[in-house]
Amino acid sequence: MRNTALILGVISGLWGMIIGFFAYGYTVLVDTLETKAPEIDVLNQLDDVGVIRAMSLLAPVLALVGGGLVHARPTWSGPLLLLSAAGMYWGFEWRFWTMFPITLCAIAGILAILAAYTKGD
């Protein structure tokens, strides 16, 4: 169980980093276009830019840390992975590219909590 939680946590963290890079980069691109070339009105800014930028950093890092902690501290890593899944859902919403890291992170969090309360692995 711990190995599965570790793998799922790391994969969801890496996938979340890719989504976070694109989401953060998109918000910066739109801000730059609005200030440097206001006559170009091709892209629209997303709602809650601050939340998107914060979750682009925090959610994948929580997933990576939670996945890395599973063997040593499963009682700590489970809530971190579940917080990461909630942060990805809050920041990026449920879309085609986000449903995989959110689901993997939630499953990893549940497995980490179960691993803390079961004997052996």
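Criteria and cut-off values
- Residues numbered from 1 in each chain as written.
- Predicted model: local features only at pLDDT ≥ 70, side-chain atom pairs only at ≥ 80, totals over all residues.
- Heavy atoms only, no water.
- Helix = DSSP H or I, 4+ residues; strand = E, 2+ residues; numbered from the N terminus.
- Buried < 20%, exposed > 50% of the residue type's maximum accessible area, 1.4 Å probe, protein only.
- Contact = heavy atoms within 4.5 Å.
- Areas by Shrake-Rupley, 256 points an atom, 1.4 Å probe, with all protein chains shown as cover.
- Lys, Arg positive; Asp, Glu negative; His and termini not counted.
- Charge placed at Lys NZ, Arg CZ, Asp CG, Glu CD.
- 1 Å grid on protein atoms, 1.4 Å probe; cavity = no way out; pocket = protein on both sides within 12 Å on 5 of 7 lines; lining within 4 Å.
- Points joined across faces, edges and corners; volume = space filled by probe spheres on them.
- Nonpolar A, V, L, I, M, F, W, Y, C, P; charged D, E, K, R; others polar.
- Salt bridge = Lys/Arg side-chain N within 4 Å of Asp/Glu carboxyl O.
- Core = buried A, V, L, I, M, F, W, Y, C linked by side-chain atoms within 4.5 Å.
- Axes fitted to C-alpha atoms, helices over the stretch in contact; angles between N-to-C directions.
- Parallel < 35°, antiparallel > 145°, perpendicular 65-115°, else oblique.
- Left-handed = near helix turned anticlockwise from the far one by under 90°.
- Expected span 1.5 Å × (residues − 1).

S.K.: Summarise the overall build of the chain; cite the residues concerned and give the values.
M.R.: In terms of regular secondary structure, the chain is built from four helices and zero strands. In terms of principal-axis extent, the alpha carbons of the chain reach across some 65 × 20 × 20 Å. Classification of the 121 residues of the chain by burial places 36% in the buried group. Sequence separation of at least 24 residues holds for 71% of the intrachain contacts in the chain that already meet a minimum separation of 6. With the model as given, the accessible surface of the chain reaches about 7,200 Å², and the carbon-plus-sulfur share is 71%. Where the 6 positive side-chain charges of the chain centre and where its 8 negative ones centre are 21 Å apart.

S.K.: Quick one: what's the story with the layout of surface pockets, residue by residue and with numbers?
M.R.: If you add up the space inside the largest pocket, you get close to 390 Å³. Lining of the largest pocket is provided by 17 residues; of these, L46, I52, G91, F92 and R95 occupy positions nearest its centre. For the lining of the largest pocket, the elements supplying multiple residues, two or more each, are helix 1 (2-36), helix 2 (49-69) and helix 3 (74-92). Of the residues assigned to the lining of the largest pocket, the class counts are 11 nonpolar, two polar and four charged.

S.K.: Explain the pattern of salt bridges residue by residue, including any values.
M.R.: Following the criterion strictly, the structure yields two salt bridges and no others. Linking R53 and D31 is a salt bridge whose minimum nitrogen-to-oxygen distance equals 2.8 Å. Remark: D31 occurs in helix 1 and R53 occurs in helix 2; sequence separation between them is 22 residues.

S.K.: Could you give me a rundown of the nonpolar core, with the residues and numbers involved?
M.R.: Residues A5, L81 and M88 are the most contacted members of the largest nonpolar core, which totals 17 residues. With five residues, the single largest contributor to this core is helix 4 (residues 99-116). With residues near it in sequence (within four places) discarded, M88 still touches S12, G16, A59, P60, A63, E93, P101 and I102.

S.K.: Would you mind going over the packing of helix 1 against helix 4 in detail, with residue names and values included?
M.R.: One can describe the packing of helix 1 onto helix 4 by two numbers: an axis separation of 8 Å at closest approach and a directional angle of 150°. Between helix 1 and helix 4, the interaxial angle falls into the category roughly antiparallel. The chirality of how helix 1 crosses helix 4 is left-handed. For the pair formed by helix 1 and helix 4, the contact residues are R2, T4, A5, L8, G9, I11, S12, W15, G16 and I19 on the first element and F100, P101, L104, C105, I107, A108, L111, A112 and A115 on the second. When its residues are assigned to classes, the contact of helix 1 with helix 4 shows 14 nonpolar, four polar and one charged.

S.K.: So, helix 3: which residues are in play, and what are the values?
M.R.: Taking 1.5 Å of rise per residue, the 19 residues of helix 3 would be expected to cover 27 Å, and the 26 Å separating its terminal C-alpha atoms lies within 8% of that figure. Turning to helix 3, its buried residues are P74, S77, G78, L81, S84, A85, G87, M88, G91 and F92. Of the surrounding elements, those touching the buried residues of helix 3 are helix 1, helix 2 and helix 4. E93, located one to two residues past helix 3, shows a positive phi value of around 60°.

S.K.: So what's going on with the packing of helix 1 against helix 2? Residues and values would help.
M.R.: Running from N to C, helix 1 and helix 2 cross one another at 160°; their axes reach a closest spacing of 8 Å. The orientation of helix 1 with respect to helix 2, classified from their angle, is roughly antiparallel. Between helix 1 and helix 2 the crossing geometry is left-handed. Taken together, the residues that form the contact of helix 1 with helix 2 break down as 13 nonpolar, eight polar and two charged.

None of this, on its own, says anything about what the molecule does.
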